[in-house]
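# Structural characterization, general
Each chain, written out:
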Amino acid sequence: MMSIYEVALQIRFWSPIILFSIGVPAALLNAIIFVSIKTFRRSSSTYYIVGQSLSDVNVLLILLLQVIPSTSSSVSSIACKLILFFLQLTVSVAMSFLCLSAFDRWACTSQSARIRQLSSIRVAQRVFPIPFILWSLVNIPFLVYCDLVPPIFSCWFTNDLFMRIGILVLSQILTVLLPLIILILFGLLTYRNIRLVIHVRQQPNQSRQSNWEQQMTRMMLIQTLLSIFCTIPRAIFVVYTIFTIDESVTRNFDQLSIIFLVDTLTISIISLNFASSFYIFLLSSPRLRQMIQMHLKCLFNRRNNQVGSTNILLTIPTLSARRTTRVTVRPTVENKPF
């Protein structure tokens, strides 16, 4: 029978592989669908969804590389620095876009015209590069103060002050606790706005854009709710770690194994945020499913038409060659002397 430590090792090995297998194709489909379909491009949330999808792919890829011995962070000093830097960067960017999506839905459903102006394509275009630039600058110390530490040459911090800043502030508060607070706040505000709209009972003759925005709000609200549930276990573990960080020296092996197991489970649960967006959108929006089916049918019909036109183009030169042959042969027969 496996011990607690061995169970945690198995979960830490198989969890990134499973999440990568189901998450990367879904994230790529998410980005392709929202970029290629014109109706989706009219919504400001598309920019945040595409940014989150691209970040999700990178997060799942880095998590997968860590369980492969030849590409793990312990291979070399450069691998240690780059993997920790990009892991922290991509996780922060993905959570930022998730919070921006929640903010955009709150602004879109607000009763105030001034607040609704914040939910626009122009604002989304300007905000889109900010998470990449901001978190790239904030996480630069990971490139400086992380390296292979002897005697076992594991990838860890080389500076005690930055170790506390990186573990407690950057890796825990800014990427777990703060996004959780933002998601809960704007999730509740968006739900309140939706209740106000239902209570006011706006005119039934609405445009297609408003109907689609309602679908987007429903999709993003469900995603926000699931993200909150996936983040809460990790947040509880983070708070526990912060308040008991001084007791880690006195713990025995069994206690450390239990903490390691809980740590692994909470990481796997919060990683569902990076692999579930496409499935949430697909299950929560019937109109999205209809539009995907419609565009797939148009794509297949277009391919069939291209094949048919290619066959026609191949047969026309043959017919024209036969006609020209008949025309050129007849004069030679008539002009032949008897």
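Residues numbered from 1 in each chain as written. Predicted model: local features only at pLDDT ≥ 70, side-chain atom pairs only at ≥ 80, totals over all residues. Heavy atoms only, no water.

## Observations concerning the nonpolar core
Side chains of nonpolar character tend, in soluble globular proteins, to be buried together. Stated formally: Working definition of a nonpolar core: buried Ala, Val, Leu, Ile, Met, Phe, Trp, Tyr and Cys residues. They are joined through side-chain atoms within 4.5 Å. To sort residues, take the accessible area from a 1.4 Å probe on protein chains only and compare it with the maximum for the residue type: under 20% means buried, over 50% means exposed, and anything in between is partly exposed. Working definition: helices are DSSP H or I runs of at least four residues, strands are E runs of at least two. Numbering for both runs from the N terminus. Contacts are assigned to residue pairs that have any heavy atoms within 4.5 Å of one another.
With 29 residues, the main nonpolar core has Leu60, Val91, Leu183 and Phe274 as its most contacted residues. With ten residues, helix H4 (residues 77-108) is the single largest residue contributor to this core. Each residue touching valine 91, except ones within four places of it in the same chain, is listed here: Val59, Thr175 and Phe274. In terms of nonpolar packing, the next biggest core, distinct from the first, is built from 18 residues, Ile37, Phe278, Phe281 and Met291 among them.

## Digging into the state of the cysteines
Cut-off, in case you're wondering: Criterion for a disulfide: a pair of cysteine sulfur atoms at a distance within 2.5 Å.
Applying the stated rule across the entire model yields one disulfide. Disulfide partner of cysteine 80: cysteine 155, at an S-S distance of 1.9 Å. Its S-S torsion of about 80° marks the bond between cysteine 80 and cysteine 155 as right-handed, since a negative value means left-handed. In this pair, cysteine 80 sits in helix H4 while cysteine 155 sits in strand S2 (residues 154-157), placing the two residues 75 residues apart along the sequence. By relative accessible area, which is 0% here, cysteine 80 ends up buried. Here cysteine 155 falls in the buried class, since its relative accessible area comes to 13%.

## Side note on the confidence of the model for the protein
To be explicit about the condition: Each residue carries a pLDDT score, the predictor's confidence in it, ranging from 0 to 100.
Summing up the model confidence of the protein, the mean pLDDT is 85 and the portion of residues at 70 or higher is 86%. The element-level mean pLDDT for the protein is lowest in helix H13 (residues 286-334), coming to 62, with helix H7 (residues 130-138) highest at 97. pLDDT under 50 marks residues 205-209. Its contacts with residues more than four places away, or in other chains, come to four contacts. Below pLDDT 50 for its whole length, residues 318-338 participates in zero contacts with residues either more than four positions away or in separate chains.

## Topic: the side chain of serine 257
Along the chain, serine 257 turns up in helix H11 (residues 253-270). Look past the residues within four positions of serine 257 in its chain and what remains in contact with it is Ile4 and Tyr5.

## What about helix H1 (residues 4-36)?
Put simply, the rule is: How far a helix is expected to stretch is found by multiplying one less than its residue total by 1.5 Å.
In this model H1 runs 47 Å from its N-terminal to its C-terminal C-alpha over 33 residues, within 8% of the 48 Å that 1.5 Å per residue would give. Along H1, the residues classified as buried are Ala8, Ser15, Pro16, Leu19, Gly23, Val24, Ala26, Ala27, Asn30, Ala31, Ile33 and Phe34.

## Things to note about the UniProt feature "transmembrane region" (unreviewed entry) in the protein
What counts is decided by this rule: UniProt positions are given in the numbering used here, feature names are shortened, and annotations may be inferred rather than shown by experiment.
In the numbering adopted here, UniProt assigns the feature "transmembrane region" (unreviewed entry) to residues 13-35, 47-68, 83-103, 123-145, 165-191, 225-245 and 257-282. Across residues 13-35 one finds 100% helix and 0% strand; the C-alpha atoms that close the span lie 34 Å apart. Between the end C-alpha atoms of residues 165-191 the distance is 35 Å, and the span holds 100% helix and 0% strand.

## What to know about the pairing of strand S1 (residues 146-149)
Cut-off, in case you're wondering: By the convention used here, strands pair only if DSSP detects at least 2 bridges between them.
Taken together, the four bridges between S1 and S2 define a ladder with antiparallel strand orientation. Within S2, the residue paired with valine 149 across the bridge is serine 154. Counted between consecutive antiparallel strands, the loop separating S1 from S2 contains four residues, among which phenylalanine 153 sits at a positive phi close to 55°.

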